[in-house]
Amino acid sequence: MDKIKLDIVGLSYSQTQSGAYALVLGEVNGRRRLPIIIGGFEAQAIAIEIEKMTPSRPLTHDLFKSFADLFNIVVSEVLIYNLVDGIFFAKLICNDGKKDIEIDARTSDAIAIAVRFNCPIYTYEFILSTAGIIIEGNDFAFLENLDSDNLKGDSSEKSSPMSFSTLSDAELKEKLQQALSDEAYERAAKIRDEIARRKAS
């Protein structure tokens, strides 16, 4: 059965399930999209790796990556291989240098691991035909709606990009460290963007 390669094209709040997120995978060289509902923790794990942030302590998927690296295990691909009653099934294709081993995984965990190993994500045509949608244009702004403060259920005051522009460079660096310590990765990303904007100007 031929496999179809997918890329991560979007991550946003789910419009259908409260507290959940929609991970959107896109067919490489195609217009079909595969939306998958995932939990807040997995959404955060995917987002911070894509944004190349360093959490104050390793997340579960980071621990898996470190463990695999220490024992020379490589995840060579992730395969979303089945869809039953609206639930996607995935597996990790791993290699220890001698043989390939398949490990069953929740799809959200498999994707979070895939971004850490920088490995390809595949699915089959029957899954895209069943659950895929065709989107005209780019309806999903990449990570645009993801706010890790909300993922954490943090109702504390959030800093807006406008308020960052009034801070000194030293204050920005201090707030960046505080945001990383608080695991408020979306706020940290906005502060980092402000620092990068100043360096470029």
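What you are looking at is a predicted structure, and each value in this text was computed from that prediction instead of being measured.

### Details of the packing of aromatic side chains
Next, step 1: Here the structure, examined in full by the defined rule, presents four aromatic pairs.
Next, step 2: For the pair F64 and F117, a centre-to-centre distance of 6.4 Å together with 75 degrees between the ring planes defines the contact as edge-to-face. Within this pair, whereas F64 is found in helix α2 (residues 60-70), its partner F117 is found in helix α3 (residues 107-117), the two being separated by 53 residues in sequence.
Next, step 3: Judged by relative accessible area, which is 30%, F64 ranks as partly exposed.
Next, step 4: Owing to a relative accessible area of 14%, F117 belongs among the buried residues under this scheme.
Next, step 5: Positioned above the aromatic ring of Y122, the side-chain terminus of K3 is 4.8 Å from the ring centre.
Next, step 6: A cation over a ring is seen here: K91 above Y81, with NZ or CZ 4.8 Å from the ring centre.

### A look at the packing of helix α1 (residues 40-50) against α3
Next, step 1: Between α1 and α3, whose axes approach to 9 Å, the crossing angle comes to 15 degrees. Our classification of the angle between α1 and α3 gives roughly parallel. Regarding α1 and α3, the two cross each other, and that crossing is left-handed. On the side of α1, the interface is formed by E42, A45, I46, I48, E49 and I50, while α3 contributes S108, D109, I111, A112, V115 and R116.
Next, step 2: Class assignment for the residues of the contact of α1 with α3 results in seven nonpolar, one polar and four charged.

### Some thoughts on α2
Next, step 1: What α2 keeps buried is the set H61, D62 and A68. Relative to the axis of α2, the buried residues are bounded by an arc of 125 degrees and lie together on one face. In α2, the exposed positions angled more than 90 degrees off the buried face are occupied by T60, L63, F67 and L70.
Next, step 2: Each element contacted by the buried residues of α2 is listed here: α1 and α3.
Next, step 3: Directly after α2, the chain includes N72, whose backbone phi takes a positive value near 55 degrees.

### What about the pattern of salt bridges?
Next, step 1: Taken as a whole and judged by the stated rule, the model has nine salt bridges.
Next, step 2: Between K65 and D69 there is a salt bridge, with the nearest N and O atoms lying 2.8 Å from each other. Placement of the pair is K65 and D69 together in helix α2, with a separation of four residues, close to one helical turn.
Next, step 3: Classification of K65 by relative accessible area gives partly exposed; the value is 21%.

### So, the nonpolar core
Next, step 1: Within the largest apolar cluster, 46 residues are counted, with the highest numbers of intra-cluster contacts made by L25 and I80.
Next, step 2: Residue contributions to this core peak at seven residues, all from α3.
Next, step 3: Those residues within four positions of I80 in sequence are excluded, and the remaining contacts are L6, L25, I36, F88, F89, A90, T107, I121, Y122, T123, Y124 and I127.

### So, the confidence of the model for the protein
Next, step 1: Mean pLDDT for the protein: 81, with 79% of residues reaching 70 or above.
Next, step 2: Highest mean pLDDT in the protein belongs to strand β7 (residues 121-124) (97); lowest belongs to helix α5 (residues 148-151) (43).
Next, step 3: Contacts of residues 139-162 to residues separated by more than four positions or lying in other chains number 49 contacts, the stretch itself having pLDDT below 50.

Reading the values: rules and limits
- Every chain is numbered on its own, with residues counted from 1 as its sequence reads.
- Totals for whole chains, interfaces and linings use all residues, but because this is a predicted model, local features are given only for residues with pLDDT of at least 70 and pairs of side-chain atoms are given and counted only at 80 or more.
- Values shown for side chains rest on all heavy atoms present in the structure; no hydrogens or waters enter the calculation.
- Each aromatic pair joins two rings of Phe, Tyr and Trp (for Trp, the six-membered one) with centres within 6.5 Å, and gets the label stacked for planes under 30 degrees apart, edge-to-face for over 60, and tilted for any other angle.
- Runs of H or I in DSSP of at least four residues are treated as helices and runs of E of at least two as strands, each being numbered from the N terminus.
- Think of it in three bands: with a 1.4 Å probe and only protein chains considered, a residue is buried below 20% of the maximum accessible area for its type, exposed above 50%, and partly exposed in between.
- A positively charged side chain is recorded as over a ring if its NZ (Lys) or CZ (Arg) lies within 6 Å of the ring centre. The angle to the ring normal must also be within 35 degrees.
- Throughout, an axis means a line fitted to C-alpha atoms (over the contacting stretch in the case of helices), and angles, computed between N-to-C directions, take values from 0 to 180 degrees.
- For classification purposes, angles smaller than 35 degrees are called roughly parallel, those larger than 145 roughly antiparallel, those between 65 and 115 roughly perpendicular, and all remaining angles oblique.
- Left-handed describes a crossing whose near helix is turned anticlockwise from the far helix through less than a right angle; right-handed describes the clockwise counterpart.
- Any two residues having at least one pair of non-hydrogen atoms within 4.5 Å are treated as being in contact.
- In this classification, the charged set is Asp, Glu, Lys and Arg, the nonpolar set is Ala, Val, Leu, Ile, Met, Phe, Trp, Tyr, Cys and Pro, and all remaining amino acids, among them Gly, are polar.
- Working note: the arc is built from the helix axis to C-beta atom directions.
- Any Lys or Arg side-chain nitrogen located within 4 Å of an Asp or Glu carboxyl oxygen qualifies as a salt bridge.
- Throughout this description, the term nonpolar core refers to a set of buried Ala, Val, Leu, Ile, Met, Phe, Trp, Tyr and Cys residues connected via side-chain atoms within 4.5 Å.
- The predictor reports its confidence for every residue as pLDDT, a score running from 0 up to 100.

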